[in-house]
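# Fold and contact review
Single-letter residue listing:
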Amino acid sequence: MLALAEAARPGGPGADLVALLAAVCDVESVSGDEKALADAVEALLTAQPHLEVLRDGDCVVARTHLGRERRVVFAGHLDTVPLADPPNLPTRLAETDSGGELWGRGTVDMKAGIAVMLALAVDLGRPGAEPTSDLTFVFYDQEEVEAVRNGLGRLARHRPDLLEGDFAVVGEPSDAGIEGGCNGTIRVEVSTRGVAAHSARAWTGVNAIHLAAPILDRLAAYEPREVEVDGLVYRESLGAVGIRGGVAGNVVPDACVVTVNYRFAPSLSTAGAENHLRDLFDGFDVRVTDAAGGARPGLDAPLAVAFADAVLAVTGGTPRPKYGWTDVARFADLGIPAVNFAPGDPVLAHKDDERVPVAQLALCRDALRAWLLA
């Protein structure tokens, strides 16, 4: 992938990171189809003499070995949600009063973070730009799907040594600010059972889709909580994300399944979240299909305090909560303090009009570079 390698070259056309981000985004990498991008990332990093590069499936790990007393881990997922219709790739640069925006799938979630990570990996560790910490960069696959498929989770199970570190930065979009912790997530299927019949004689059956009306009523009436955890206020959300039922246009359906996603504050365990949903949907069959616990902010850890002081001196602002689930939770499970920090407004993640202000790319890179070289 010559475009990616050229864009990442120090002093090259991607020095402002726009060309690098465009090159990364324009390699389509919907979850499960990350190989081409992983190949390009691996080739780029392998060409850097200061990096040791390893690969596990479509997860690429690059590490420095400078003999430092501490190690910082940077982690970012290569995959995106599916493209819009019509497709929102290739990327396009739009001029704005604030310096322009790059539009396209992945520009926010989370290839802007990937571009910053790649720029740092190429730049830091070479002679003349040696950081005060050793660095590990993890580019992993399948984050946007079920937790069991997550490439960082696979690495944690098979090669936990590759994730060892004293502090971690997850490149999820945070609008160039620091977002602490993350909500947990759980998906359940809430089911009804009816009796099949010919639709011309519907009175001889029981329509399972109609029986699902109380499920939707409970969801529509539900008021999400706002929960303060260690000084940050996390907003929960709960809603139907799918519904299926029926086998033909002339058959009364005997089964209906409503898929529900609950994003819960990190003060609640996955078991607690499951119990909450079972109470809410009492009287219905509830089956858990996916779950991942959240992470408390952890901003009081000494390295997190030092990180916030250094980075916010460049970017401004104050730490905020992360409403979505991110792999800071996985690092928390490993006992590694972690924060979310990267360009891009998380409100635009997964939207068809996904776009990132190009000024945030250099802002985040420069803040991280200053912190790592201090």
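Counting of residues starts from 1 at the beginning of each chain's written sequence and follows it residue by residue. Confidence filtering applies because this is a predicted model: local features only for residues at pLDDT of at least 70, side-chain atom pairs given and counted only at 80 or more, and all residues used for totals across whole chains, interfaces and linings. Excluding hydrogens and water, the side-chain figures rest on all heavy atoms present in the structure.

Any two strands are treated as partners once DSSP identifies two or more bridges connecting them. Only DSSP runs of H or I with at least four residues qualify as helices, and only runs of E with at least two residues qualify as strands; both kinds are numbered from the N terminus onward. Read across the sheet, eight strands follow the order S1-S2-S6-S3-S7-S18-S8-S17 without closing on themselves; strand pairing throughout is mixed. The sheet terminates laterally at strand S1 (52–56) and strand S17 (320–321), the two strands that pair on one side only. Strand contacts of helix H11 (residues 358–373): strand S3 (71–77), strand S6 (134–140), strand S7 (167–170) and strand S18 (338–341), with the helix running at about 160° to S3, the strand carrying the most contacts. In what follows, residue pairs with any heavy atoms lying within 4.5 Å of each other are defined as contacts. In this analysis, axes come from line fits to C-alpha atoms, helices being fitted only over the stretch in contact, and the angle between any two N-to-C directions falls in the range 0 to 180 degrees.

On the UniProt side, "domain: Peptidase M20 dimerisation" (unreviewed entry) is annotated at positions that read residues 184–281 here. End C-alpha to end C-alpha, residues 184–281 measures 19 Å, and it is 24% helix and 42% strand. UniProt positions are given in the numbering used here, feature names are shortened, and annotations may be inferred rather than shown by experiment.

What follows deals with the pairing of S6. Counting buried positions over the seven residues of S6 gives seven, a clear majority of the element. Alternating residues of S6 divide into Asp134, Thr136, Val138 and Tyr140 and Leu135, Phe137 and Phe139, and every residue in both groups is buried. Of the pairings in the sheet, the one linking strand S2 (residues 59–63) to S6 comprises four bridges and is antiparallel in character. Following the sheet pairing, Arg63 is matched in S6 by Thr136. Looking at chain direction, S3 and S6 are connected through seven bridges and run parallel. Counterpart to Phe74 in the pairing with S6 is Phe137. Think of it in three bands: with a 1.4 Å probe and only protein chains considered, a residue is buried below 20% of the maximum accessible area for its type, exposed above 50%, and partly exposed in between.

Below, the discussion takes up the sheet that holds strand S4 (residues 92–94). The three strands are arranged S4-S5-S19 in an open sheet whose pairing can be described as antiparallel. Both outer strands of the open sheet, S4 and strand S19 (355–357), are each paired with one neighbouring strand and no more. On average, each strand axis in the sheet is inclined to that of its neighbour by 25°, with strand direction left out of account. Where S4 meets strand S5 (residues 101–103), three bridges bridge the pair, whose relative direction is antiparallel. Paired with Ala94 across the bridge in S5 is Glu101. Contacts from H11 reach S4, S5 and S19, with the element oriented near 60° to S19.

The next point concerns the pattern of salt bridges. Salt bridge, as applied in this entry: a Lys or Arg side-chain nitrogen positioned within 4 Å of an Asp or Glu carboxyl oxygen. Evaluated as defined, the whole model comprises 26 salt bridges. A cluster of three or more residues bridged by salt bridges with shared partners is formed by Lys35, Asp39, Glu42, Arg55 and Asp58.

Quick look at helix H8 (residues 270–280) now. Every buried residue of H8 is listed here: Gly272, Ala273 and Leu277. Down the axis of H8, the sector holding all buried residues measures 135°, keeping them to one side. Where H8 is buried, its residues meet strand S9 (184–193), strand S13 (237–245) and strand S15 (255–264). Regarding the arc, it is the one traced by the directions from the helix axis to the C-beta atoms.

With that out of the way, let us pick up the packing of aromatic side chains. Put simply, two rings from Phe, Tyr or Trp (the six-membered ring, in Trp's case) pair if the centres are within 6.5 Å, and we call them stacked under 30 degrees between planes, edge-to-face over 60, tilted for the rest. Within this structure, the stated rule accounts for six aromatic pairs. Look at Tyr262 and Phe264: their rings are 5.6 Å apart centre to centre, the planes differ by 45°, and that puts the pair in the tilted class. On the basis of relative accessible area, Tyr262 is assigned to the buried category, the value being 1%. With 5.9 Å between their ring centres and 85° between their planes, Phe307 and Phe341 make a pair best called edge-to-face. Note that Phe307 is positioned in helix H9 (residues 302–315) and Phe341 in strand S18, a separation of 34 residues in sequence. Residue Phe307 is classed as buried on the basis of its relative accessible area, which comes to 0%.

Another aspect to go through is a nonpolar patch on the surface. A contiguous nonpolar patch, built from Val195, Val206 and Leu211 and spanning about 200 Å² of accessible area, is present on the exposed surface. Counting through the fold element by element, Val195 comes out in the loop between S9 and strand S10 (197–198). For patches, a residue must show more than 30% relative accessible area and have no salt bridge; joins then use 9 Å for like charges and 5 Å for nonpolar side chains, namely Val, Leu, Ile, Met, Phe, Trp and Tyr. Accessible surface is estimated by sampling points in the Shrake-Rupley manner with a 1.4 Å probe; for residues, cover comes only from the protein chains shown.

Right, let's talk about the packing of helix H2 (residues 18–25) against helix H4 (residues 111–123) for a bit. Where H2 meets H4, the closest approach of the two axes is 9 Å, and the angle between their N-to-C directions is 120°. In terms of orientation, H2 lies oblique with respect to H4. Between H2 and H4 lies a crossing whose hand is right-handed. Residue-level inspection shows Leu20, Leu21, Val24 and Cys25 of H2 in contact with H4, the latter providing Lys111, Ala112, Ile114, Ala115, Leu118 and Ala119. Its residues assigned to classes, the contact of H2 with H4 shows nine nonpolar, no polar and one charged. Oblique is the label for any angle not covered by the other classes, which are roughly parallel (under 35 degrees), roughly antiparallel (over 145) and roughly perpendicular (65 to 115). For a crossing to be left-handed, the near helix must be turned anticlockwise from the far one by less than a right angle; the clockwise case is right-handed. Here the term charged refers only to Asp, Glu, Lys and Arg, the term nonpolar to Ala, Val, Leu, Ile, Met, Phe, Trp, Tyr, Cys and Pro, and the term polar to all other amino acids, Gly among them.

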